[in-house]
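# Results of the structural survey
Residue-level listing of the chains:
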Amino acid sequence: MGLLSLGTPLLWQEAKTYAEHVRDHGIEQFLNVYHRVKDRNRDGLFWGDEVEYMLLYLDHEKKNVKVNIRAEEILKTLRDQGHDDVIFQPEYGRYMIEATPGKPFGSSTQDLLKLESNMRKRRELINSMLRPNEFLITLTSFPLLGTSDFIHSEVPLDENADASHSLFIPDNLINMHARFKTLTRNIRERRGEKVAINVPVFRDTNTNVPFVEEIAPHKTYGLEGTNRRLNDHIYLDCMCFGMGCCCLQVTFQACNISEARKLYDALAVLTPIMMALSAASPIHKGYLADTDCRWKIISGSVDDRTDEERGLKDSNYLINKSRYDSIDSFISNDDKFKSKYNDINLVKNEKLYRRMRDNGTLSLFHWIGVDELLASHMAHLFIRDPLVVYKELIDQDDKNSSDHFENIQSTNWQTMRFKPPTANSSIGWRIEFRSMEVQLTDFENAAYALFIVLLTRAILSFNLNLYIPISKVDQNMQRGQVRDAVLKEKFYFRNHLYESKNTIILVKDDDSDEFEEMTIDEIINGKENVEEFPGLIAIVESYLETLSLDVESQCRISKYLCLISGRAKGSVKTMANWTRHFVTTHPLYKHDSKVPSEVIYDFVQKCKEMTENNAFDDNKCNCGC
Ligand code: ADP
Ligand code: MG
Ligand code: MG
Ligand code: MG
Ligand code: MG
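To keep things clear, this report deals only with the structure shown in the data block. All of these numbers come straight from a predicted model, not from anything done at the bench.

### A word on helix α14 (residues 470-479)
When you tally the buried positions in α14, you get 7 out of 10 residues, the bulk of the element. Ile-470, Lys-472, Val-473, Asp-474, Asn-476, Met-477 and Arg-479 are the residues of α14 that are buried. On its buried face, α14 is in contact with α8 (257-277), α9 (295-301), α15 (485-488), β18 (491-494) and β19 (515-518).

See below:
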């Protein structure tokens, strides 16, 4: 979760007076880095993943399961021990831990297979810290979060919710580092009210019509915020419902800035597809939802826009999305990009946009500032206010610091992130793929992460063109979250990914960028007539043929691809579908959308078994390996 500075975070009333200062210096810091490294070339193709974990506590006598707030203590011990090959990081919830490889993987084929074993190592290290009845799980959302009595703690917990005003989750569940509570509080204060998230409920045969949750008044906040809840929806009211979810992210370093921008665009198109393929979160606050993914929840959980910015009151300053949302523009200067693909109206910080365009060097009588696409992207991120301003870090040396830049950058939580190098580091230009839900087993997480890694290689090697209008990517993002989207929805996708030279010469412009609606099965496994559309797996396979992989590696990678292929076809259920099936076929479930805690206990027991067996890594793979 971004940078964790030590210092005194300012309350919103004071923090907001520094907003302009942070933005101005943030862009100054970006410009310094940009001009220093914009021409750097030949950086290594490094990559690395991030997995987020939850710590649970199982009470076998009472048959219940709770989140366990001992994660910070475990994290501290693990860090004190020092482990070279794994980095452990704090996360939003006190029951969460993030782990990444100790150093990024490189471009060699051997490194591809190091991922899963590193993931296992991370899990083993955390597991070695656990006490009886504790269980570490990679689950996207904890199904009972915000229900009554869902926190396990060895000491009595204060119930206050000063920062969030939540009626359901005490602040005590938020990481103790001041950054996290400050984010929570300042989002609420900036917005002028607490956040409100309405998740459509899954309508089952015995679900009340209309479905209206019974909510008991909170001892301090009464029914604050409940006027914004909707019938037939599950009402969630704080940041933890979103930021308390776990995900799987992958970061790539490109050899130079152009390549990073190219990959950013190409992967952006894949973010909704991979989100739907990784769908894993169908239960919230003890109710079955009609959605399968966390995205809208997390987006709503940090939506700090005022009524005016959200267009609820008359204003001339609308902001179309939460700071946690899908990207609004492509940024590559590659010749495949056409300006018509950027068909979303981009809200920009005009002053900083001009600053970036005008700031540059004279070259052959031309003034070279930051180009339009990149300047627009940054000026779009910089419409946001800094949420956490540390008193001690207000004045910085813009030549040697990236703190103000990172402040805004790291609280724009989008489907893709373009990560410029930081001041004083030798790191290259990176991009991050951020839409996937975390999977239950190391095998699955390795499969999903590696699939993206291999796709980046294929995109670069075959010079693939994935562009569709960005508004269509947004529509895909909406479609990708609904129940069983992976099997039921269609997604806009480009139908000619390879650019044949002939097409470019003969067919001008419009005809050469056709897209259509395809199922995820077609996108991943190809159309019946593969000549028409081969599918992403076939493309990855043709890339793999260009490597001389040993048999063992080939076999392992085939297994990963088989899982992705199976999920796309529906022969392997998504975690969301599997969870839903588990609940709706459980004898204690009354088909009224409410998931009893005993059902979740059984569900977690089953998950535990699957985690320990590294499920899906079996011999049933039918790829012929
Ligand atoms: P954040 O939380 O800001 O997204 P993290 O520090 O948690 O970032 O790391 C994200 C991933 O990036 C990790 O897997 C890490 O190994 C990887 N990584 C670190 N350095 C590089 C690099 N130079 N190129 C590519 N990936 C990198
Ligand atoms: Mg994280
Ligand atoms: Mg991280
Ligand atoms: Mg992070
Ligand atoms: Mg990340």
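### Thoughts on unusual backbone geometry
The omega torsion across Val-209 and Pro-210 is -10°, close enough to zero to call that bond cis. Summarising the element assignment, Pro-210 is placed in the loop between β7 (197-200) and β8 (233-236). Notably, Lys-63 is not glycine yet its phi reads approximately 55°, a positive angle. Checked against the element boundaries, Lys-63 lands in the loop between β1 (47-59) and β2 (64-68). Using a relative accessible area of 41% as the deciding quantity, one classes Lys-63 as partly exposed.

### Thoughts on the pairing of β18
The two faces of the sheet receive side chains in turn, since in a regular strand these alternate between them. Here β18 shows no split at all, with Phe-491 and Phe-493 on one side and Tyr-492 and Arg-494 on the other all buried. Bridge analysis of β18 against β19 gives 4 bridges, and the strand direction is antiparallel. Paired with Phe-491 across the bridge in β19 is Met-518.

### Describing the site of ligand 1
In the vicinity of ligand 1, 18 residues are found, and the nearest of them are Gly-48, Asp-49, Glu-50, Gln-253 and Glu-432. One of the backbone nitrogen or oxygen atoms of Gly-48 is found 3.4 Å away from an oxygen atom of ligand 1. Interatomic distance of 3.1 Å between a side-chain N/O atom of Glu-98 and an oxygen atom of ligand 1. Starting from 580 Å² of accessible surface for ligand 1 in isolation, the protein chains cover 81%. Within the residue set of the shell around ligand 1, elements represented by two or more residues are β1, β4 (96-101), β9 (247-253) and β17 (430-437). Counting residues per element, the shell around ligand 1 draws most heavily on β1, which supplies 4 residues. The class makeup of the residues in the shell around ligand 1 is 7 nonpolar, 5 polar and 6 charged.

### Some words on the packing of aromatic side chains
Scanning the entire structure with this criterion turns up 24 aromatic pairs. Centroid distance Trp-578 to Phe-582: 6.0 Å. Interplanar angle 45°. Geometry classified as tilted. With a gap of 4 residues between them, Trp-578 and Phe-582 both fall in helix α20 (residues 575-584), about one helical turn apart. Here Trp-578 matches Phe-582 in class, with each residue buried. Pairwise contacts between aromatic rings join Phe-30, Tyr-34, Phe-382 and Phe-405 into one cluster. When the ring centre of Tyr-353 is taken as reference, the NZ or CZ atom of Lys-348 above it lies at 4.8 Å.

Each value, and the rule that gives it
Within any chain, residue numbers begin from 1 and follow the written order of that chain's sequence. Throughout, the order in which chains and ligands are written sets their labels, letters from A for the former and numbers from 1 for the latter. Local features in this predicted model are restricted to residues of pLDDT 70 or higher, and side-chain atom pairs are both shown and tallied only at a pLDDT of 80 or more, whereas totals for entire chains, interfaces and linings draw on every residue. Only hydrogens and water are removed before side-chain values are computed, so all heavy atoms of the structure are retained for them. For the exposure calls, accessible area comes from a 1.4 Å probe over protein chains only, and a residue counts as buried if that area is under 20% of its type's maximum, exposed if over 50%, partly exposed in between. Think of it this way: any DSSP run of H or I at least four residues long counts as a helix, any run of E at least two long counts as a strand, and we number them from the N terminus. What makes two residues a contact is simply this: any of their non-hydrogen atoms within 4.5 Å. Strand pairing follows a simple DSSP-based rule, namely that at least 2 bridges must link the two strands. Any residue with a heavy atom positioned within 4 Å of a molecule or strand is treated as near that molecule or strand. We define a polar contact as two N or O atoms separated by no more than 3.5 Å, with the added condition that, inside protein, one atom must be a possible hydrogen donor and the other a possible acceptor, whereas residues neighbouring each other in sequence contribute only through side-chain atom pairs. Where accessible areas are quoted, they stem from the Shrake-Rupley method and a 1.4 Å probe; at the residue level, only the protein chains shown are allowed to cover. Classes in brief: Ala, Val, Leu, Ile, Met, Phe, Trp, Tyr, Cys and Pro nonpolar; Asp, Glu, Lys and Arg charged; the others, Gly included, polar. Any two of the Phe, Tyr and Trp rings considered here, Trp counted by its six-membered ring, make a pair once their centres fall within 6.5 Å; the pair's planes then place it as stacked at under 30 degrees, edge-to-face at over 60, or tilted in between. Placement of a charge over a ring requires the Lys NZ or Arg CZ to be within 6 Å of the ring centre, with the centre-to-atom vector within 35 degrees of the ring normal.

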